[in-house]
Amino acid sequence: MKRWSKLQRQLYLIFDDKIDLQIHCSVYRMNSQRGSTDLPRYWIRLNKKIIFDYPRIATEKEDYPYITEISDISDLLKEYLDTPKEQILMKTFERDKYGITNLLKAADVRISVNKSAQYFQNNKVENIDICQMILQARKVN
């Protein structure tokens, strides 16, 4: 797996640079009497406000398994980046448990704001409220 900074840099290349959208990853070490493990945290900020926060979203779904999903989410982000731009809106990202790719679709400069808005209007997607916030920021700027 690539270093996070390289993956992050690739993501920033597809984000609409007219909006203040940031994606971060950090790993926290959890030690206990039973052993230790690395717990990932991914968060996305729009205009300095956190709009997506893993593992918070996983615990809200009672889905947080206390195993490391760092590779899973990073692999999903890489899969999104590797998908040809013509296929992004048509592709179902099977491993996307938390709707992260929808946020990427909303922010992706390779997809016009109008085309993205039409996609979200015609499809039932997870995190639609956050996607609408991202699209609105793209329209304003």
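See above for the structure.
Residues numbered from 1 in each chain as written. Predicted model: local features only at pLDDT ≥ 70, side-chain atom pairs only at ≥ 80, totals over all residues. Heavy atoms only, no water.

### Focus: the environment of Ala 107
Here is step 1 of the chain: Considering the arrangement of structural elements, one finds Ala 107 in helix α4 (residues 100-107).
Here is step 2 of the chain: The buried category is assigned to Ala 107, whose relative accessible area is 0%.
Here is step 3 of the chain: Sequence separation of Ala 107 and Ile 134 is 27 residues, and the distance between their C-alpha atoms is 6.3 Å.
Here is step 4 of the chain: Excluding anything up to four places from it in sequence, Ala 107 contacts Ile 14, Phe 15, Asp 16, Leu 21, Ile 134 and Arg 138. (Helix = DSSP H or I, 4+ residues; strand = E, 2+ residues; numbered from the N terminus. Buried < 20%, exposed > 50% of the residue type's maximum accessible area, 1.4 Å probe, protein only. Contact = heavy atoms within 4.5 Å.)

### As for the pattern of salt bridges
Here is step 1 of the chain: On inspection of all chains with the given rule, the structure shows seven salt bridges.
Here is step 2 of the chain: Note that Asp 53 and Arg 41 form a salt bridge whose closest N and O atoms lie 3.0 Å from each other. On the criterion of sequence distance, the pair formed by Asp 53 in strand β3 (residues 49-54) and Arg 41 in strand β2 (residues 35-46) is long-range, its members being 12 residues apart. Taken as a pair, Asp 53 and Arg 41 share a single burial class, namely buried.
Here is step 3 of the chain: The partner of Asp 108 in a salt bridge is Arg 110, with the nearest N and O atoms 2.7 Å apart. (Salt bridge = Lys/Arg side-chain N within 4 Å of Asp/Glu carboxyl O.)

### Side note on the packing of aromatic side chains
Here is step 1 of the chain: Counted by the stated rule, this structure contains five aromatic pairs.
Here is step 2 of the chain: Relative to Tyr 42, the ring of Trp 4 has its centre 5.7 Å away and its plane inclined at 80°; by these criteria the two rings are edge-to-face. Remark: Tyr 42 occurs in strand β2 and Trp 4 occurs in helix α1 (residues 4-14); sequence separation between them is 38 residues. Considered together, Trp 4 and Tyr 42 belong to a single accessibility category, that of buried residues.
Here is step 3 of the chain: When the ring of Tyr 54 is compared with that of Tyr 98, the centres are 5.3 Å apart and the planes differ by 50°; the resulting orientation is tilted. Linking Tyr 54 in strand β3 with Tyr 98 in the loop between α3 (70-82) and α4, this pair joins segments that are 44 residues apart in sequence. We note that Tyr 54, like Tyr 98, is buried.
Here is step 4 of the chain: The ring of Trp 43 has Arg 41 sitting right over it, with the charged end atom 4.3 Å from the ring centre. (Phe/Tyr/Trp six-rings, centres within 6.5 Å; stacked < 30°, edge-to-face > 60°. Lys NZ or Arg CZ within 6 Å of the ring centre and 35° of its normal.)

### Some remarks on helix α6 (residues 128-140)
Here is step 1 of the chain: Taking 1.5 Å as the rise per residue, α6 with 13 residues should run 18 Å; its terminal C-alpha atoms sit 18 Å apart, in good agreement.
Here is step 2 of the chain: Burial in α6 covers these residues: Ile 130, Cys 131, Ile 134, Leu 135, Ala 137 and Arg 138. Around the axis of α6, the buried residues are gathered within 155° of arc, so they sit on the same side. Of the residues in α6, the exposed ones pointing more than 90 degrees away from the buried face are Asp 129 and Val 140. (Expected span 1.5 Å × (residues − 1). Arc of directions from axis to C-beta.)

Purely geometric numbers; function is a separate question.
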